[in-house]
Amino acid sequence: MAKLYLKFEQAVLKELELAQAALTIGRLPDNNVQIDNLAVSGHHARVIWDDGHYVIEDLTSTNGTYVNNQRIQRAALKDGDSVLIGKHVLTFRETAEPRPEKPQTDKTMPVMQGLDATVMIGSKAARSMIDQHPAASATATPAAPAHDRVALLTVLDGKTDQNQYQLTGKLTAIGKSEMASIKLKGWFAPKVAAMITHREAKYFVAASEKDVKVKVNGEEISGQRELSEGDTIEVAGITMTFAYVE
């Protein structure tokens, strides 16, 4: 099994499970992975399955594709390789798990099993796909523990594209960037002000840049802070409350 982990400033934005079809990466919306960044070409690169392994090819991009800090035109990917595209990093991971022996009836296999083939970073469509991703079968196992709850942010003050946000993903970006899940409005809003991560049934908030201040319950935080029911978060001119969905 092979996966790509899309990262921005060390934060994991997406986890993509690869199959044996081509995966395209670029700024235009017809790519499988759309990265809305001027450093990324319209059709920047692609990952293909060729002769028993995955290969990344640069599609004559303006700023180039780099594997382990070396500019490439075409390179076979190995477990742990780091691919730089614009300001985003794709980490390639491949395990030794055997591939399914059952033949596929459709040779054009989906790039991500269980998800729509197009990923637009941070868009409402991507969040919707995460919401609709089916959970693992529970026919022989008990239901998931109730303590792993989904959190809800309610905007009390400031300009955002919505009043409430369910934090269904592993990472939620706050900013005016197209990759942000919570979109800020205003000319001077940071592209990415803060990140909320979800791991081990807990949520944590942290500033994404040194010059961005994040306050929890009126106290400026340093590094990550675990969030609790009823906490108030202030960042980039917006105030939100944190709660769990019952």
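Check the entry above for the structure.
Residues numbered from 1 in each chain as written. Predicted model: local features only at pLDDT ≥ 70, side-chain atom pairs only at ≥ 80, totals over all residues. Heavy atoms only, no water.

Novice: Account for the overall build of the protein, with residues named and values stated.
Specialist: Summing up its helical and strand segments, the protein has one helix and 23 strands in all. Per-residue burial over the protein gives 42% buried out of 246 residues. Across the protein, the fraction of contacts at a sequence separation of at least 24, relative to all contacts at a separation of at least 6, is 41%. Accessible surface for the protein amounts to roughly 14000 Å². Of this, 50% is attributable to carbon and sulfur atoms. (Helix = DSSP H or I, 4+ residues; strand = E, 2+ residues; numbered from the N terminus. Buried < 20%, exposed > 50% of the residue type's maximum accessible area, 1.4 Å probe, protein only. Contact = heavy atoms within 4.5 Å. Areas by Shrake-Rupley, 256 points an atom, 1.4 Å probe, with all protein chains shown as cover.)

Novice: How would you explain the nonpolar core if you had to name every residue and give the values?
Specialist: The biggest cluster of nonpolar side chains holds 25 residues, and the ones touching the most others in it are Ile-174, Val-235, Met-240 and Phe-242. Of all the secondary structure elements, the ones that give two or more residues to this core are β13 (151-157), β14 (164-167), β17 (194-199), β18 (202-207), β19 (214-216), β22 (232-235) and β23 (238-244). Tallying contributions element by element places β23 first for this core, with four residues. Once you skip the residues sitting within four places of it in the chain, Val-235 turns out to touch Ile-174, Ala-193, Ala-194, Val-212, Lys-213, Val-214 and Met-240. With 22 residues, the next largest nonpolar core counts Leu-4, Leu-18, Ile-56 and Leu-90 among its residues. (Core = buried A, V, L, I, M, F, W, Y, C linked by side-chain atoms within 4.5 Å.)

Novice: How would you sum up the sheet that holds β23? Please name residues and give values.
Specialist: Sheet architecture is open: six strands sit in the order β14-β13-β23-β22-β19-β20, paired in antiparallel fashion. Strand pairing shows two members of the sheet lacking a second neighbour, β14 and β20 (219-220), which therefore form its edges. Two strands pair when backbone bridges link them, and β19 and β22 are joined in this way by three bridges, in the antiparallel orientation. Each bridged residue has a counterpart across the sheet, and for Val-214 the counterpart in β22 is Val-235. (Pairing = 2+ DSSP bridges.)

Novice: Can you tell me about the pairing of strand β15 (residues 171-175), naming the residues and giving the values?
Specialist: Among the five residues of β15, five are classified as buried, and the element is accordingly described as predominantly covered. Examined bridge by bridge, β15 and β17 share four bridges and lie antiparallel to one another. Bridged to Leu-171 within β17 is Thr-197. Here two bridges tie β15 to strand β16 (residues 182-183), and the two strands are oriented parallel to one another. Counted as the bridge partner of Gly-175 is Lys-183 from β16.

Novice: Could you give me a rundown of the environment of Asp-157, with the residues and numbers involved?
Specialist: Residue position: Asp-157 is located in strand β13. C-alpha separation for the pair Asp-157 and Ile-238, spaced 81 residues apart in sequence, amounts to 5.4 Å. For Asp-157, the contacting residues outside a window of four places in its chain are Gly-237, Ile-238 and Thr-239.

Novice: Pulling in residues and values, what's your account of the pattern of salt bridges?
Specialist: In this structure the tally under the stated criterion is seven salt bridges. Across the pair Asp-50 and Arg-74 runs a salt bridge whose closest N-O atoms are separated by 2.4 Å. Taken together, the residues span a long stretch of sequence, with Asp-50 in strand β5 (residues 45-50) and Arg-74 in strand β9 (residues 74-76) at a distance of 24 residues. Of the residues examined, Asp-50 reaches a relative accessible area of 30% and is grouped as partly exposed. In this structure, Lys-78 and Asp-81 form a salt bridge, with 3.8 Å as the shortest nitrogen-oxygen distance. The exposure class assigned to Lys-78 is exposed, which follows from its relative accessible area of 53%. Asp-81 gets classed as buried once you look at its relative accessible area, which sits at 4%. (Salt bridge = Lys/Arg side-chain N within 4 Å of Asp/Glu carboxyl O.)

Novice: So what about the pairing of strand β6 (residues 53-58)? Which residues, and what values?
Specialist: Counting buried positions over the six residues of β6 gives five, a clear majority of the element. Two strands pair when backbone bridges link them, and β5 and β6 are joined in this way by six bridges, in the antiparallel orientation. Among the inter-strand pairings, Asp-50 is bridged to a residue of β6, identified as His-53. Where β5 folds back onto β6 in an antiparallel hairpin, the turn is made up of two residues, including Asp-51, whose phi is positive at roughly 55 degrees. Pairing of β6 with β9 involves three bridges; the strand directions are antiparallel. Within β9, the residue paired with Glu-57 across the bridge is Arg-74.

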